[in-house]
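These are the residues of each chain, in order.
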Amino acid sequence: MAETIFAKIIRKEIPANIVFENDTVLAFKDINPQAPVHILIIPKTTEIESARDLKSENHSKLLGDLFDVANEVAKKMGVFESGFRLVLNSGADSGQEVPHIHLHLLGGRKLTWPPG
Ligand code: AMP
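Conventions and cut-offs
Note that residues are indexed from 1 along each chain, following the sequence as it is written. A pLDDT threshold of at least 70 governs which residues receive local features in this predicted model, and a stricter bar of 80 or more applies before side-chain atom pairs are shown or counted, although totals over entire chains, interfaces and linings include all residues. Side-chain metrics rest on all non-hydrogen atoms present in the structure, leaving aside hydrogens and water. Pairing of aromatic rings covers Phe, Tyr and Trp, the last through its six-membered ring, and needs centres within 6.5 Å; plane angles under 30 degrees mean stacked, over 60 mean edge-to-face, and all others mean tilted. The helix and strand labels rest on DSSP assignments: H or I over at least four residues marks a helix, E over at least two residues marks a strand, and numbering proceeds from the N terminus. Burial classification: accessible surface area is computed with a 1.4 Å probe over protein chains only, and a residue below 20% of its type maximum counts as buried, one above 50% as exposed, and the rest as partly exposed. Only lysine NZ and arginine CZ atoms are considered, and such an atom sits over a ring when it is within 6 Å of the ring centre and within 35 degrees of the ring normal. Any residue with a non-hydrogen atom lying within 4 Å of a molecule or strand is treated as near it. Counting of polar contacts relies on pairs of N or O atoms within 3.5 Å, with two restrictions inside protein: one atom must be capable of donating a hydrogen and the other of accepting it, and residues adjacent in sequence are counted only when both atoms are side-chain atoms. Per-residue accessibility takes into account occlusion by the displayed protein chains alone, with areas from the Shrake-Rupley method and a 1.4 Å probe. We call a set of buried residues a nonpolar core when its members are Ala, Val, Leu, Ile, Met, Phe, Trp, Tyr or Cys and they connect through side-chain atoms within 4.5 Å of each other. Residues count as neighbours in contact if any of their non-hydrogen atoms are within 4.5 Å of one another. What makes a salt bridge here is a side-chain nitrogen of Lys or Arg within 4 Å of a carboxyl oxygen of Asp or Glu, nothing more. Any two strands with at least two DSSP-identified bridges between them are counted as paired. Under this scheme, a helix contributes an axis fitted over its contacting stretch, all axes are lines through C-alpha atoms, and angles between N-to-C directions fall in the 0 to 180 degree range.

Quick notes on the packing of aromatic side chains
In step 1: Inspection of every chain in the model, using the stated rule, returns two aromatic pairs.
In step 2: Ring centres of phenylalanine 6 and phenylalanine 28 lie 5.5 Å apart, and the angle between their planes is 80°; this geometry places the pair in the edge-to-face category. Note that phenylalanine 6 is positioned in helix H1 (residues 5–10) and phenylalanine 28 in strand E2 (residues 25–29), a separation of 22 residues in sequence. Just as phenylalanine 6 is buried, phenylalanine 28 falls in that class too.
In step 3: A cation over an aromatic ring shows up here: lysine 75 above the ring of phenylalanine 80, its NZ or CZ 4.7 Å from the ring centre.

A short note on the site of the ligand
In step 1: Around the ligand, the structure places 16 residues, and the nearest of them are Asp30, Asn89, Glu97, His102 and His104.
In step 2: Aspartate 30 places a polar side-chain atom, nitrogen or oxygen, 2.5 Å from an oxygen atom of the ligand.
In step 3: The contact in question runs from an oxygen atom of the ligand to an N or O atom on the backbone of valine 98, over 3.0 Å.
In step 4: Protein coverage of the free-state accessible area of the ligand, which is 500 Å², stands at 86%.
In step 5: Of all the secondary structure elements, the ones that give two or more residues to the shell around the ligand are H1 and E2.
In step 6: In terms of residue count, H1 provides more of the shell around the ligand than any other element does, three residues in total.

As for the nonpolar core
In step 1: With 15 residues, the main nonpolar core has Ala27, Ile39, Ile41, Val69, Val73 and Leu105 as its most contacted residues.
In step 2: Every element with two or more residues in this core is listed here: strand E1 (18–21), E2, strand E3 (37–43), helix H2 (56–76) and strand E5 (103–107).
In step 3: It is H2 that contributes the most residues to this core, five residues altogether.
In step 4: Leaving out residues up to four positions away in the same chain, valine 69 has contacts with Phe20, Asn22, Val25, Ala27 and Ile41.
In step 5: One finds Ile10, Phe28, Leu40 and Val98 within the second-largest nonpolar core, a separate group that totals eight residues.

Points about the pattern of salt bridges
In step 1: Overall, the coordinates contain five salt bridges when judged by the stated rule.
In step 2: In this structure, the salt-bridge partner of aspartate 65 is lysine 61, at a minimum N-O distance of 2.9 Å. One end of the pair, aspartate 65, and the other, lysine 61, are both in helix H2, four residues apart, so they sit about a helical turn from each other.
In step 3: Residue lysine 61 is classed as exposed on the basis of its relative accessible area, which comes to 60%.

Some thoughts on the side chain of threonine 4
In step 1: With respect to the helices and strands, threonine 4 occurs in the segment before H1.
In step 2: In this structure, threonine 4 is in contact with Val98, Pro99 and His100, ignoring residues within four places of it in sequence.

A closer look at the sheet that holds E1
In step 1: Spatial ordering of the open sheet is given by E1-E2-E3-E5-E4, a layout of five strands whose pairing is antiparallel. Every other strand in the sheet has two partners, leaving E1 and strand E4 (84–87) as the edge strands with one partner each. Going across the sheet, the axis of each strand differs from the next one's by a mean of 20°, ignoring polarity.
In step 2: Each of E1, E2, E3, E4 and E5 is contacted by H2, which is oriented at about 155° to E3, the strand it contacts most.

Structure below.
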């Protein structure tokens, strides 16, 4: 599997603006924010490239952890009550650039629908 920039962020080899970390999940500010709040939430394991690799029998605990962290980060960033969007790009047509599964947490403004 190719090394990604997120693996380097997990190992603290390159800097990131980390807003939450525990044993399994890391959350940090997106370097190119698309909303006033734009956080990336990633598992620390590097084996899952996209949602297409998920299997409930292998990853249900990790998925629960990611969504727990999303709610915690939304509260910390002040958008839990106002609302926020979680985006999980998967593959070329979605615009996924980094092959390390990640949730985008977007908020702090009224988000439009449909997405581009
Ligand atoms: P995606 O297009 O879903 O793969 O999202 C990848 C995201 O990673 C983009 O929103 C980028 O702005 C973001 N990104 C890339 N490099 C970094 C970095 N070094 N620190 C923080 N965010 C990054």
